[in-house]
Amino acid sequence: MDEPSRIRQRSGRTYVPEVAQQQKQSRRDGGKVKVGDQQYARLPNSFLYAVVALMFTTFLIVTVLERRLPRGLRVEDEPGHPESFIAEHAMASLTRLTDIGPRVTGSYENEVLAVRVLRKDIDAVVDEYGSGFKVEIDVQKASGAFPIKFFDGMTNVYNDVQNLIVKVNAQVKSSHTLMLNCHFDSVPESPGASDDGAACAVMLEIMRVVLKTKLKLNYNIVFLFNGAEENIMQASHGFITQHKWAKDVRAFINLEACGAGGRELLFQVGPKNPWLLEVYSQVVPYPYASTLAQEIFQSGVIPGDTDFRVFRDFGHISGVDFAWSSNGYVYHTKYDSVDQIPLGSLQRTGDNILALLKGLNEITDQRKMSDTSSTNDLIFFDMLGAFMVRWRENLTALISVLAACLSAFAVYRNMKSAKRLGTDHTVYYAGMMKAIGIQILGWVLAFGSCIVIALSLTVLGRTMSWYARPIWIYFLYVLPTLSVSMAVVHHFGVRQLKKSIPNIWTLFQVYYDAIQILWTFLLLVTYTLNIRSGFIALLWVVFSSVQSLISNRMFPDASKKSIKWLLLYVLLLGIPFVQSFYLDLGAIGMFVPTMGRTGSAFNSEIIIATMICAMFGMLFSFVCQLVLVAQFPHILQRIPASFTFLALAVLLLTDLGFPYSGDVTSLAPQRFIITNVDRKFFDENRKLVDHDTGFWIINMDINSPESVEMAVSEMKRAKLVDCTRGIYCAMPYPLPVMNFIYKTHYIEAPPFEVPIETDLRLNGKARLSPDTIRLNFTCNGPDHMNMMFAGLPGFDLMAWSLDPETPLASSHQYLGRNMYFVYYSYSSLEPKEWNFHLDFKVPPKFNIDKDLVLDITVSGQFSHGKNKTTAQLKEFMSRFPTWTTSTYWTSALRSYKF
């Protein structure tokens, strides 16, 4: 029969008589395909429906397990738990601290009231339980400076920031100290319950338990309550570089938050002393940690940093970094109150940190404590929060090679089995190579479908529906990934079934081995590139190989593969599947709220689509090829696709996809940062050449500012900021974040009176050498200021008085010139004058009396107290919808040429 008559088009679909006949025969024979004299059973669709149902049930179960918390102990439980952490004590301390309200560094609330509240709680604990211990309490005021590659890069200068420090001395004198750190300051507008008042409350309760139980201490313990972390880790730097007790610290525990409640995640450890993680793995009752989290955070994908960096880089000590990461919607907002923190979260964190502290204290060999020669090279992860798995990085090569050999052996055994069924090695190998290409094509097309959906939603103005309701992620991106991947495998698998591999179970094994080879390749790549989260690939390689070998031995006859084989398949591959989803769930829980504060420069819809497609494309890798042995494979492909189309219709035709929520039971507010700014631009003679006032809107997500135009009519005349006008767009950036928040808007508004004049004066120029000059400055302004400057072409900054180290240039440039960002704050309640000098290398013909050297901008941030707002700013903010949350203050920007 010729080709045209053999293949006919019916309803736009290719019709292959032989395959159709096989399918009809399959129905007549109870789901079996006849090849030669043998019949090969297909799996009934009911079995595969059960697998899909089990898969989504697993999603639900893991989600519930991931959110499970222990019961929070109350005061009445204390007699039955005399040596335990009592969460209600910690909650009482936290309530007293947050009742103060926002605690911005430099404010009366932070510098006086917060210290008073904490000191009162500390004194109460020491007075009641401190007998038998030598307890020392110190309040430190520190001044200093340091460079930090945070966001674009900056130099941090601070004056008189505070630390409240408690030292519990070991009963037997020790020169080694363990340190716990929290911070009691907060960002403007936020009560700072989770970030980081809860950590301070946990430390107070741990201190109470240590003193009450008369714990025998082998080491001193320092409890550091620092008062300037939100100023980019100033107080921790002041302690670790200047305090008399800092030199004895051998290890630290840092407690932080980027969410409210949930489980505390160990997301950084090291850089040395692997015994820190060993102790954590052995003693904590509720482990939650992985090298994946550490690599994600240290990559800079998550916008933020912690005191861990300061202790590591400037104190040269090792430690562990914990943070709550759930419910990131309230992080740095007015909603970060005690109402958002379950008692169980305090209990869980307290139990874990107390156990870790006791475990570290039980290290009797003090030489081990002071040994910094060994690096923390452990690969680690927790299995569903039940226990920790870990091994040394130097074993990764051996483990990876052994896993690759096991994988190769499993493939070899499958090729031998296929030969017994009539498929020789050459055909099998060729089919496997083709299957690898088909699998990659399936991933590419699935990725493409997710991007098309994301772009369509962007064009239609329906972005971020998953922000308030993460369930949309499954309908918009998870189900299309599954449907498209299965469709590609089935489409090309049918062709191979007809042309070269007529045995459906051999064909299935070919695709199975192809995926196993891809995972093996990924494992070897991650090892070669020293990507420590390659343990995920290792799990898939090991369990897929074991499943293949056991299946090959138990079910050599393809005609007998049925429910028992499927149960084995689900059981063994379910282990890496569940663990991978567990890790994916943690990543989703962290990234989704983060998309509300990453700026509008990047399309968060595309970011989420890409991330979800990548994660679930790999997660479904051993699910999709089951379509090859299904009785009615088209149904399996159409069901998820149908749900996606239905979801898109609901999203476009109803309000169920509205991205934000102001409901206190399920908060997901849209964020805004707005300053009422007064800008003045001066020429080289200090003559005012331009002056304007207005509202500067920092767009925190892709829907800003259009999302609130109906409620706030001024947003309709908001203009995109022109960044060519001056350094950092001639706007009072509070932090150097131009690399990801460069799309902002400006609305002109009436003038207002600046409460404290921000001013920069050049006191004089002096020639230090023929090619070097010094410029001496005096700056006045509020307790939070930023200075941004760039030398003119040919003028290079050589040194300054701010910091003895080489000046750190920003990664962001201004008109091709190196730019410098300086963050300055002081914690005294009265204004302080800031004096400094800058040393520049100048061209040979430089005229010190006439030639200009640099463009410089100074901005004052009035972020607390009575100077924080203006009448027009209050009125402007009062009209924002209830599903928004705003951080706002008054700013003054002054631009000069010297």
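Residues numbered from 1 in each chain as written. Predicted model: local features only at pLDDT ≥ 70, side-chain atom pairs only at ≥ 80, totals over all residues. Heavy atoms only, no water.

Enquirer: Explanation requested: the side chain of Ser107 in the structure shown.
Expert: By the element assignment, Ser107 lies in the loop between α4 (87–98) and α5 (108–129). Those residues in contact with Ser107, other than ones at most four positions away along the chain, are Leu829 and His864. (Helix = DSSP H or I, 4+ residues; strand = E, 2+ residues; numbered from the N terminus. Contact = heavy atoms within 4.5 Å.)

Enquirer: Any chance you could explain the state of the cysteines here in plain terms?
Expert: Here, the word disulfide means a covalent bond between the sulfur atoms of two cysteines. Under the counting rule described, the total for this entry stands at two disulfides. With a sulfur-sulfur separation of 2.2 Å, Cys182 is cross-linked through a disulfide to Cys200. Between Cys182 and Cys200, the S-S dihedral sits near 105 degrees, and the bridge is therefore right-handed. On the criterion of sequence distance, the pair formed by Cys182 in strand β7 (residues 177–183) and Cys200 in helix α6 (residues 193–212) is long-range, its members being 18 residues apart. By the burial criterion, Cys182 is buried, and Cys200 matches it. A sulfur-sulfur separation of 1.9 Å characterises the disulfide bridge that pairs Cys723 with Cys729. With the S-S bond torsion at 80 degrees, the cross-link from Cys723 to Cys729 turns out right-handed. Each bonded cysteine in the protein gets a number by its place in the sequence, and the pairs come out as 1-2, 3-4. (Disulfide = S-S within 2.5 Å. Buried < 20%, exposed > 50% of the residue type's maximum accessible area, 1.4 Å probe, protein only.)

Enquirer: What is the right way to look at the nonpolar core in this model?
Expert: Grouped burial of nonpolar side chains is what soluble globular proteins tend to show. Judged by nonpolar contacts, the single largest core of 125 residues is most densely connected at Trp466, Tyr477, Ile612, Phe616, Phe620, Ile674 and Met715. At 17 residues, the largest contribution of residues to this core is made by helix α19 (residues 563–594). In this view, Ile612 contacts Ile473, Tyr477, Val478, Ile588 and Gly617; residues no more than four positions away in its chain are not counted. Membership of the second largest hydrophobic core comes to 71 residues, among which are Phe85, Ile122, Leu277 and Val279. (Core = buried A, V, L, I, M, F, W, Y, C linked by side-chain atoms within 4.5 Å.)

Enquirer: Explain the layout of surface pockets here, please?
Expert: In this approach the atoms are scanned with a rolling probe the size of a water molecule, which exposes any empty space left behind. Quantified by volume, the largest pocket comes out at close to 1400 Å³. Taken together, 50 residues line the largest pocket, and the ones lying closest to its centre are Thr63, Arg67, Pro470, Tyr474 and Leu585. Of all elements in the fold, only α3 (45–66), α16 (472–499), α19 and α21 (633–653) reach the threshold of two or more residues within the lining of the largest pocket. No other element matches α3, which puts nine residues into the lining of the largest pocket. Grouping the constituent residues of the lining of the largest pocket by class yields 36 nonpolar, eleven polar and three charged. (1 Å grid on protein atoms, 1.4 Å probe; cavity = no way out; pocket = protein on both sides within 12 Å on 5 of 7 lines; lining within 4 Å. Points joined across faces, edges and corners; volume = space filled by probe spheres on them. Nonpolar A, V, L, I, M, F, W, Y, C, P; charged D, E, K, R; others polar.)

Enquirer: How should I be thinking about the sheet that holds strand β18 (residues 759–769) in this particular structure?
Expert: Sheet architecture is open: four strands sit in the order β18-β19-β23-β21, paired in antiparallel fashion. Each having just a single partner strand, β18 and β21 (796–800) make up the two edges of the open sheet. With direction set aside, neighbouring strand axes in the sheet form an average angle of 30 degrees. With nine bridges connecting them, β18 and strand β19 (residues 772–780) associate as antiparallel partners. Bridge pairing links Leu760 to Cys779 in β19. (Pairing = 2+ DSSP bridges. Axes fitted to C-alpha atoms, helices over the stretch in contact; angles between N-to-C directions.)

Enquirer: Explain the confidence of the model for the protein to me, please; I cannot follow it from the model alone.
Expert: Interpretation of this model should avoid reading the predicted coordinates in detail wherever pLDDT is low. Taken over all residues, the pLDDT of the protein has a mean of 91, while the share at 70 or more is 94%. Of the regions scoring below 50 in pLDDT, residues 1–39 engages in 47 contacts with residues more than four places distant in sequence or in other chains. (pLDDT = per-residue confidence, 0-100.)

Enquirer: I'm lost on helix α20 (residues 604–619) in this one. Help?
Expert: Three or four residues apart is the spacing at which side chains of an α-helix point the same way, because the helix has 3.6 residues per turn. Along its 16 residues, α20 runs 22 Å from first to last C-alpha, staying within 8% of the 22 Å computed at 1.5 Å per residue. Among all positions in α20, only Ser604, Glu605, Ile608, Ala609, Met611, Ile612, Cys613, Met615, Phe616, Gly617 and Leu619 are buried. Elements in contact with the buried residues of α20: α3, α14 (425–459), α15 (465–468), α16, α18 (535–554) and α19. Put simply, Asn603 is the residue that caps the front of α20, since its side-chain oxygen is 2.9 Å from the backbone nitrogen of Glu605. (Expected span 1.5 Å × (residues − 1). Polar contact = N/O pair within 3.5 Å; in protein donor to acceptor, adjacent residues only side chain to side chain.)

Enquirer: Please clarify how the pairing of strand β6 (residues 154–168) should be interpreted in this entry.
Expert: Of all 15 residues making up β6, 15 are buried, and the element is well covered by its neighbours. Judged from the 13 bridges that link them, strand β5 (residues 135–148) and β6 form a sheet pairing that is antiparallel. Looking at the pairing, Val139 lines up with Leu164 of β6. Where β5 hands over to β6, the hairpin turn is made up of five residues, of which Phe151 adopts a positive phi near 55 degrees. Of the strand pairs in this sheet, β6 and strand β22 (residues 819–826) are connected by five bridges, and their pairing is parallel. Looking across to β22, one finds that Val157 is bridged to Tyr824. Where β6 meets strand β8 (residues 220–226), six bridges bridge the pair, whose relative direction is antiparallel. Each residue of the ladder has a partner; that of Val166, found in β8, is Phe223.

Enquirer: What should I look at first to understand the environment of Gln579 in this one?
Expert: Tracing the backbone through its elements, the reader meets Gln579 in helix α19. Among the residues examined, Gln579 registers a relative accessible area of 2% and is labelled buried. Sequence spacing of Gln579 and Tyr286 is 293 residues, and the spatial spacing of their C-alpha atoms is 16 Å. With residues up to four places along the chain from it excluded, the contact list for Gln579 reads Phe381, Asp382, Met383, Leu384 and Leu539.

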